[in-house]
Amino acid sequence: MVVRVISVCIVQKKDSGNLFAMKYVSRNVCIGRGALGGVLKEVELLASLEHPFLVNLWFSFQDEEDLFMVCDLLAGGDLRYHLQHQVEFSEAGVSLLVCELGSALDYLQKQRVVHR
């Protein structure tokens, strides 16, 4: 039996109508896998960052069963999705992606964040 650790759904904020991606993780599965500390560290780190070319965390909360993270919605998919589906990019598109990636990495470096 495969236990799904992370699930994601699209949610809408009532007062603004804005759409977000809500990622939720089972607390029991995290505890069982010894990953609870890592998830909490992820929430803490994401809450401290805000950049136009990073997925930003806007809200986080928990109930008795799950931990929830509400982030930017990438309706068109993220870069990894496009690479996995072998989407062809124009030279101008690649130039833009490289500039955006460089900007995001520069920001992370200035925030003293190292990503694998």
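These figures come from a predicted structure and were not determined experimentally. All chains use their own residue numbering, which begins from 1 and follows the written sequence. Per-residue local features of the predicted model are confined to residues with pLDDT of at least 70, and side-chain atom pairs are confined, for both listing and counting, to 80 or more; whole-chain, interface and lining totals are unaffected and use all residues. Values shown for side chains rest on all heavy atoms present in the structure; no hydrogens or waters enter the calculation.

Chemist: Mind laying out the sheet that holds strand β3 (residues 57–62), listing which residues take part and the relevant values?
Modeler: Criterion used throughout: strands pair if DSSP finds at least two bridges between them. Secondary structure follows DSSP: runs of H or I at least 4 residues long count as helices, runs of E at least 2 residues long count as strands, and numbering of each begins at the N terminus. Taken together, the four strands give an open sheet; going across it, the order is β1-β2-β4-β3, and neighbouring strands pair in antiparallel fashion. On the outer flanks of this sheet lie β1 (6–12) and β3, each paired with one strand and no other. Mean inter-strand twist for the sheet, computed between neighbouring axes without regard to direction, equals 20°. Here seven bridges tie strand β2 (residues 19–26) to strand β4 (residues 66–72), and the two strands are oriented antiparallel to one another. When the bridges of β4 are listed, Phe20 appears paired with Asp72. Throughout, a residue-residue contact means that at least one pair of heavy atoms, one from each residue, lies within 4.5 Å. Throughout, an axis means a line fitted to C-alpha atoms (over the contacting stretch in the case of helices), and angles, computed between N-to-C directions, take values from 0 to 180 degrees. Its contacts with the sheet place helix α2 (residues 36–47) against β2, β3 and β4, and it is angled at close to 30° to β4.

Chemist: Can you tell me about the nonpolar core, naming the residues and giving the values?
Modeler: Counting residues in each nonpolar core, the largest one holds nine residues, listed as Val25, Cys30, Val39, Val43, Leu46, Leu57, Leu67, Met69 and Cys71. When contributions to this core are tallied by element, the ones reaching two or more residues are α2 and β4. Among all residues touching Leu57, those that are not within four sequence positions of it are Val43, Leu46, Ala47, Met69, Val70 and Cys71. Buried Ala, Val, Leu, Ile, Met, Phe, Trp, Tyr and Cys residues that are joined via side-chain atoms within 4.5 Å together make up what is termed a nonpolar core. Three labels apply to residues, based on accessible area from a 1.4 Å probe with only protein chains included: buried if under 20% of the type maximum, exposed if over 50%, partly exposed otherwise in between.

Chemist: Hey, could you go over the side chain of Asp66 for me, with residue numbers and the actual values?
Modeler: By the secondary structure assignment, Asp66 is in strand β4. Charge counting follows a simple rule: Lys and Arg are positive, Asp and Glu are negative, and His as well as the terminal groups are ignored. Counted as salt bridges are all cases of a side-chain nitrogen of Lys or Arg within 4 Å of a carboxyl oxygen of Asp or Glu. We note that Asp66 is buried and unpaired, the nearest opposite charge coming from Arg27 at a distance of 8.1 Å. Ignoring anything within four residues of it in the chain, the contact list for Asp66 reads Tyr24, Val25, Ser26 and Arg27.

Chemist: Tell me what's going on with the pairing of β4, and back it up with residues and numbers.
Modeler: The element β4 is largely enclosed, with a buried count of six among its seven residues. As paired strands, β3 and β4 are joined by five bridges and run antiparallel to one another. Its bridge partner lying in β4, Ser60 is registered against Met69. Two successive antiparallel strands, β3 and β4, enclose a turn made up of three residues.

Chemist: Could you give me a rundown of the side chain of Asn56, with the residues and numbers involved?
Modeler: Topologically, Asn56 is positioned in the loop between α2 and β3. For Asn56, a relative accessible area of 6% puts it in the buried group. Of note is the side chain of Asn56, whose polar atom sits 2.9 Å from the backbone oxygen of His51. In terms of polar contacts, Asn56 uses its side chain to reach the backbone carbonyl oxygen of Leu54, at 3.1 Å. Once residues within four sequence positions are removed from consideration, Asn56 is found in contact with Leu49, Glu50, His51, Val70, Cys71 and Asp72. Whenever a nitrogen or oxygen atom comes within 3.5 Å of another N or O atom, the pair is scored as a polar contact, on the condition that within protein one atom can donate a hydrogen and the other can accept it, and that pairs from neighbouring residues in sequence are kept only if both atoms are in side chains.

Chemist: Lay out α2 with the relevant residues and their values.
Modeler: The first and last C-alpha atoms of α2 sit 17 Å apart over 12 residues, in line with the 16 Å expected at 1.5 Å per residue. All of the buried residues along α2 are Val39, Val43 and Leu46. When α2 is viewed along its axis, its buried side chains cluster within an angular range of 75° and face the same direction. Summarising the geometry of α2, the exposed residues directed more than 90 degrees from the buried face are Gly37, Lys41 and Glu44. Expected helix span is taken as 1.5 Å per residue step, with the number of steps being one fewer than the number of residues. Each direction from the helix axis to a C-beta atom contributes to the arc, which is the arc of those directions.

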